[in-house]
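# Descriptive analysis of the structure
Chain by chain, the residues:
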Amino acid sequence: MNNLTEQRLRRKIRQIIREEREYQLRQLSPGAFDALGPGTLGIPPSAIVDVKIIKAPKPIFKCFLENGQTFNLIDNERYMQADINRILFDLDREDDINGAKYELEKLMQKGSIKSDEEEEDVNELPPETDEEPTPEEEPAEEPEV
């Protein structure tokens, strides 16, 4: 019973976080929000941890993914560009959108995304023992000449 309650609680927390991230992403420029959405790059809001705006002549949105990787969205007023793996894609062209999706998929595969079970395993401490470690044998001192 506790396991079922814990699973429901985790799902609810993930849902709340996902909704909060989606709301925060909507506060970006309309072009950046549309570029991240299902119509263009199709990145789920839960995959993006944070977005920082870099002050530059053109607004640049640095997007941080769950696996620690980043990419940039550049707002050129008339169209958006994506800088993924140091490749610049114009998001107003269909072939560039497909290339950006491919590179973004590769970027999302990099790094390791741990599941909940793996995170729990990492947080567990090894069992403590009352045994004291045995001191290593010290080399015998050589007599001075």
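Our subject is the structure listed above.
This report concerns the structure included in the present document. Counting starts from 1 at the beginning of each chain's written sequence and moves along it residue by residue. Reporting in this predicted model follows two pLDDT cut-offs: at least 70 for local features of residues, and 80 or more for side-chain atom pairs to be given and counted; totals over whole chains, interfaces and linings ignore these cut-offs and use all residues. Only hydrogens and water are removed before side-chain values are computed, so all heavy atoms of the structure are retained for them.

## As for the side chain of Asp-90
In this text, helices come from DSSP runs of H or I with a minimum length of four residues, and strands from runs of E with a minimum of two, each type numbered from the N-terminal end. Mapping Asp-90 onto the fold places it in strand β5 (residues 87-90). Here the term buried applies to any residue with accessible area under 20% of the maximum for its type, exposed to any over 50%, and partly exposed to those in between, with areas from a 1.4 Å probe on protein chains only. In summary, the charge assignment counts Lys and Arg as positive and Asp and Glu as negative, without counting His or the chain termini. Throughout this description, the term salt bridge denotes a Lys or Arg side-chain nitrogen within 4 Å of a carboxyl oxygen of Asp or Glu. Among buried charged residues, Asp-90 stands out as having no salt bridge; its nearest opposite-charge side chain is Arg-93, 4.4 Å away. We call two residues in contact when some of their heavy atoms are within 4.5 Å. Aside from chain neighbours lying at most four places away, what touches Asp-90 is Tyr-79, Met-80, Gln-81, Asp-96 and Ile-97.

## Comments concerning helix α3 (residues 94-109)
In this model α3 runs 23 Å from its N-terminal to its C-terminal C-alpha over 16 residues, within 8% of the 22 Å that 1.5 Å per residue would give. Looking at the buried positions of α3, the neighbouring elements they touch are β2 (60-65), β3 (70-75), β4 (80-84) and β5. The span expected for a helix works out to 1.5 Å for each residue beyond the first.

## Let's talk about the pairing of β2
Strand pairing is assigned whenever DSSP detects at least two bridges linking the two strands. Sheet topology note: the strand β1 (residues 48-54)/β2 ladder contains six bridges and is antiparallel. Looking at the pairing, Ile-48 lines up with Leu-65 of β2. Once β1 ends, the chain turns through five residues before running back antiparallel as β2. Pairing of β2 with β3 involves five bridges; the strand directions are antiparallel. When the sheet's bridge partners are listed, Cys-63 is paired in β3 with Phe-71. Connecting the antiparallel pair β2 and β3 is a turn made up of four residues, with Gly-68 showing a positive phi of about 90 degrees.

## Here we look at the pairing of β5
Across four bridges, the pairing between β4 and β5 is antiparallel. Note that in β5 the partner of Ile-84 across the bridge is Ile-87. Linking β4 to β5, which pair antiparallel, is a turn of two residues; within it Asn-85 sits at a positive phi near 55 degrees.

## Some thoughts on the nonpolar core
Here, nonpolar core refers to any group of buried Ala, Val, Leu, Ile, Met, Phe, Trp, Tyr and Cys residues whose side-chain atoms link them within 4.5 Å. Core analysis: the biggest nonpolar cluster contains 23 residues, and Leu-36, Ile-43, Phe-71, Leu-73, Ile-84 and Leu-91 have the highest contact counts within it. Contributions of two or more residues to this core are made by α2 (30-36), β1, β2, β3, β4 and α3. At four residues, the largest contribution of residues to this core is made by α3. Not counting residues within four places of it along the chain, the set of residues in contact with Leu-91 comprises Ala-35, Thr-40, Leu-41, Leu-73, Met-80, Gln-81, Ala-82, Ile-97 and Ala-100.

## Focus on unusual backbone geometry
Positive phi values are uncommon outside glycine, yet Glu-77 reaches one of about 65 degrees. Following the sequence through the fold, Glu-77 ends up in the loop between β3 and β4. For Asn-85, which is not glycine, the phi torsion reads 55 degrees and is therefore positive. Among the secondary structure elements, Asn-85 is positioned in the loop between β4 and β5. The exposure class of Asn-85 is partly exposed, given its relative accessible area of 28%.

## Examining the pattern of salt bridges
Summed over all chains, the structure comprises three salt bridges. Measuring nitrogen to oxygen at the nearest pair gives 3.6 Å for the salt bridge that ties Asp-50 to Lys-52. A salt bridge links Asp-95 to Arg-93; the shortest N-O distance between them is 3.1 Å. A relative accessible area of 47% means that Asp-95 is categorised as partly exposed. Of the residues examined, Arg-93 reaches a relative accessible area of 40% and is grouped as partly exposed.

Any functional reading would require information that these geometric values do not contain.
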